[in-house]
Amino acid sequence: MATWRLIVTGRVQGVGYRDALRDEALRHGVTGWVRNRRDGSVEALLQGTSEDIDTTISWARRGPALARVADVRTEQAGDEFEKPYSSFERWPTV
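Conventions used here
Each chain carries its own residue numbering, running from 1 in the direction its sequence is written. Where totals are concerned, whole chains, interfaces and linings use all residues; where local detail is concerned, this predicted model gives features only for residues with pLDDT of at least 70, and gives and counts side-chain atom pairs only at 80 or more. As a rule here, side-chain values cover all heavy atoms of the structure and leave hydrogens and water aside. Only runs of H or I of at least four residues qualify as helices and only runs of E of at least two qualify as strands under DSSP, and these elements are numbered from the N terminus. The atom set for the radius of gyration is the C-alpha atoms, and the globule formula is 2.2 Å times the number of residues raised to the power 0.38. Classification of residues uses two cut-offs on accessible area relative to the type maximum, computed with a 1.4 Å probe and protein chains only: under 20% is buried, over 50% is exposed, and between them is partly exposed. Between two residues, a contact is recorded if the distance between any of their heavy atoms is within 4.5 Å. By construction, the arc corresponds to the directions joining the helix axis to the C-beta atoms. A pair of strands is treated as paired once DSSP finds two or more bridges between them. With axes taken as lines fitted to C-alpha atoms, and helix axes fitted only over the stretch in contact, angles between N-to-C directions fall between 0 and 180 degrees. By definition, a salt bridge exists where a carboxyl oxygen of Asp or Glu is found within 4 Å of a side-chain nitrogen of Lys or Arg.

(A) Structural context of the overall build of the protein. Secondary structure summary: the protein contains 2 helices and 5 strands in total. Starting at the N terminus, the α and β elements of the protein follow one another as β-α-β-β-α-β-β. At 12 Å, the protein has a C-alpha radius of gyration in line with the 12 Å of a compact globule built from 94 residues. Summarising its shape, the C-alpha atoms of the protein cover approximately 30 × 25 × 20 Å along the three principal directions. Classification of the 94 residues of the protein by burial places 45% in the buried group. Summarising the internal contacts of the protein: among those between residues at least 6 apart in sequence, 78% fall at separations of at least 24.

Here it is, written out as structure tokens:
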């Protein structure tokens, strides 16, 4: 099981990005969370098989129709996020 953290920049707030990412993650059996950040980006944590995470990250680089993704930074999640997640949640803005 792999755990990756994403920071997505561009026009990704106010366009349904979080809900669409959640739907895509659930479609591929990926658990974790997604939230807006006050700097205008979207942050997400993806947990699942490497293949399912790669598929979800590929989608994140495009996003939903109204989004304009400029960049997706990925990194392995730090120890503070290394725990099992049972679903894919929307977390409050930070």
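(B) Helix 1 (residues 17-27), seen in detail. Buried residues of helix 1: Tyr 17, Arg 18, Ala 20, Leu 21, Glu 24 and Ala 25, and no others. Taken down its axis, helix 1 places every buried residue within 165° of arc, on the same side. Buried residues in helix 1 make contact with strand 1 (2-11), strand 2 (31-36), strand 3 (42-48), helix 2 (50-60), strand 4 (68-76) and strand 5 (88-90). Just beyond helix 1, the residue with positive phi is Gly 29, at close to 75°.

(C) Fine view of the side chain of Arg 35. In this fold, Arg 35 is placed in strand 2. For Arg 35, a relative accessible area of 13% translates into the label buried. Setting aside residues no more than four positions away along its own chain, Arg 35 makes contact with Arg 18, Ser 41, Val 42, Glu 43, Trp 91, Pro 92 and Val 94.

(D) View of the sheet that holds strand 1. The strand order 4-1-3-2-5 describes an open sheet built from 5 strands, whose pairing is mixed. Here the strands that pair on one side only, and so sit at the sheet edges, are strand 4 and strand 5. When strand polarity is set aside, the average angle formed by the axes of neighbouring strands in this sheet is 15°. Strand direction decides the pairing type here: strand 1 and strand 4, joined by 8 bridges, are antiparallel. The residue of strand 4 that forms the bridge with Trp 4 is Gln 76. The sheet contacts of helix 2 involve strand 1, strand 3 and strand 4, and relative to strand 1 the element is tilted by about 5°.

(E) Highlighting the pattern of salt bridges. Tallied over the entire structure, the rule returns 7 salt bridges. As a salt-bridge pair, Arg 27 and Glu 24 come within 3.0 Å of each other at their nearest N and O atoms. Placement of both Arg 27 and Glu 24 in helix 1 is noted, with a separation of 3 residues, approximately one turn of the helix. Classification of Glu 24 as buried rests on a relative accessible area of 9%. In this structure, the salt-bridge partner of Arg 37 is Asp 39, at a minimum N-O distance of 4.0 Å. Overall, the relative accessible area of 23% leaves Arg 37 in the partly exposed class. Asp 39 sits in the exposed class, given a relative accessible area of 57%. Here the salt bridges share partners, and the residues they tie into one network are Arg 5, Arg 35, Arg 37, Asp 39, Glu 43 and Glu 75.

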